[in-house]
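Structure assessment
As a plain string of letters, each chain reads:
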Amino acid sequence: MMSPMFPMSPEERIETFVAKAQAVSATVTKASSMEEAAVYAVGLADSMDSCLLLLGGDEANLSEEASLLCRSRDSKSVAAPSLPKAVRESLATACTEKNIRFVQDHLRDQVAGFEVGFSIAAAGIAETGSLFVPSTDEDIRLTTMLCETHVVALPISEIVDRAEDLEAELKARMAGPDYSAFITGASRTADIERVLALGVHGPLELHIVLVEA
C-alpha cells in the first residue's frame, strides 16, 4: 500500500485504517450500532474455549488469594466496564442467552481470566491503524490487558488521519489526572531471542468493530 496523502478523504481514511490494522494482526469487521458490536463480542466468547490463568508452582503452599486464582471456572466471562446503558443492556441480554458471565466492575477480582474484554475507543488513527482508548478507570485498563481477546468498538466518524489530529483532545485530558492508551494490534513482544510472540503482555487477539452509526 502506498503511503497515504494528507488530508485523506473519508473513504481513504477508512481504507487506510483497515489496512494498517490488519497489517498488525487485528481483525476488522463492521456493525450498524454499538449494541450490535457488543453482541459480536459475546458471540466471540461463546465460540471460545474457557480460559484459566495457571500459576507456575501451584503445587506449593499458596495464599488464599493465590488459590482463588487457580480455582476452576464453570462459565465463560465477558468483561465490559463503563458502557452506555443501552450497550450494557444489549451485552447483558446476549450474555444471559449464552450462559456467559457479564463482568462490569471489580476486575481485580477476575484475574483468573476472562475470555473477552469489550471496550469503546474514543478515536482511531488511520496512519497506523491504532486505537485511542481513554483508560483512567482502572477497570477499563484491566479489560484491555487481561482478556484473551479484546474487542474494541470504534465509531467510523471518530477515525482521524494522524496522531497529531488528537493533539487538542490529549492536551485537554492532560489538564488533569488522566490515563489514556494507544493500542496497535494484539499484544506482542520479541524480548527473547527476537522471536515474535503474541499475547504475552496482553490480549492474544484484537478485534476492531467499526460502528457505522
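Everything in this summary refers to the structure shown in the same document.

A word on helix α2 (residues 34–47)
With 14 residues, α2 extends 20 Å from end C-alpha to end C-alpha; this agrees with the ideal 20 Å at 1.5 Å per step. When we look at burial in α2, the residues that qualify are M34, A37, A38, A41, V42, L44 and A45. Down the axis of α2, the sector holding all buried residues measures 155°, keeping them to one side. For α2, the secondary structure elements touched by its buried residues are β1 (27–31), β2 (77–79), α4 (85–98), β4 (114–120), β7 (147–155) and β12 (205–211).

A look at the environment of Y179
Positionally, Y179 belongs in the loop between α6 (167–173) and β9 (180–183). Taking the C-alpha atoms as reference, Y179 lies 9.1 Å from V133; in sequence the two are 46 residues apart.

A look at the nonpolar core
Within the largest apolar cluster, 24 residues are counted, with the highest numbers of intra-cluster contacts made by A37, V78, L91, C95, V116, F118 and V151. Only α2, α4, β4, β7 and β12 provide two or more residues apiece to this core. The greatest single-element share of this core, amounting to seven residues, is contributed by α2. Residues V18, A121, I140 and I208 belong to the second largest nonpolar core, which totals 20 residues.

Looking at the pairing of strand β6 (residues 130–134)
For a regular strand, side-chain orientation follows a simple rule: the groups alternate between the two sheet faces. Counting buried positions along β6 gives four out of five residues, so the element sits mostly inside the fold. Judged from the three bridges that link them, strand β5 (residues 123–125) and β6 form a sheet pairing that is antiparallel. By the bridge assignment, I125 is partnered in β6 with S130. Between β5 and β6, which pair antiparallel and follow one another directly, the connecting turn spans four residues, one of which, G129, has a positive phi of 70°.

Brief notes about the environment of E97
On the secondary structure map, E97 appears in helix α4. In sequence terms E97 and V42 are 55 residues apart; their C-alpha atoms lie 9.8 Å from each other.

Brief notes about the sheet that holds β2
A sheet is described by the order of its strands in space; here six strands give the open sequence β1-β12-β7-β4-β2-β3, paired in parallel fashion. Of all the strands in the sheet, just β1 and β3 (101–103) have a single pairing partner and so form its edges. Across the sheet, the mean angle from the axis of one strand to that of its neighbour is 25°, orientation sign disregarded. Note that β2 and β3 share three bridges and pair parallel. Its bridge partner lying in β3, S77 is registered against R101. Packing against the sheet, α4 makes contact with β2, β3 and β4, and its axis sits at approximately 155° to β3. Sheet contacts for helix α5 (residues 138–146): β2, β4 and β7; angle to β7, the most-contacted strand, approximately 120°.

What counts and how
- Residues numbered from 1 in each chain as written.
- Predicted model: local features only at pLDDT ≥ 70, side-chain atom pairs only at ≥ 80, totals over all residues.
- Heavy atoms only, no water.
- Helix = DSSP H or I, 4+ residues; strand = E, 2+ residues; numbered from the N terminus.
- Expected span 1.5 Å × (residues − 1).
- Buried < 20%, exposed > 50% of the residue type's maximum accessible area, 1.4 Å probe, protein only.
- Arc of directions from axis to C-beta.
- Contact = heavy atoms within 4.5 Å.
- Core = buried A, V, L, I, M, F, W, Y, C linked by side-chain atoms within 4.5 Å.
- Pairing = 2+ DSSP bridges.
- Axes fitted to C-alpha atoms, helices over the stretch in contact; angles between N-to-C directions.

It is worth stressing that arrangement in space is one thing and function is another; only the former is reported here.
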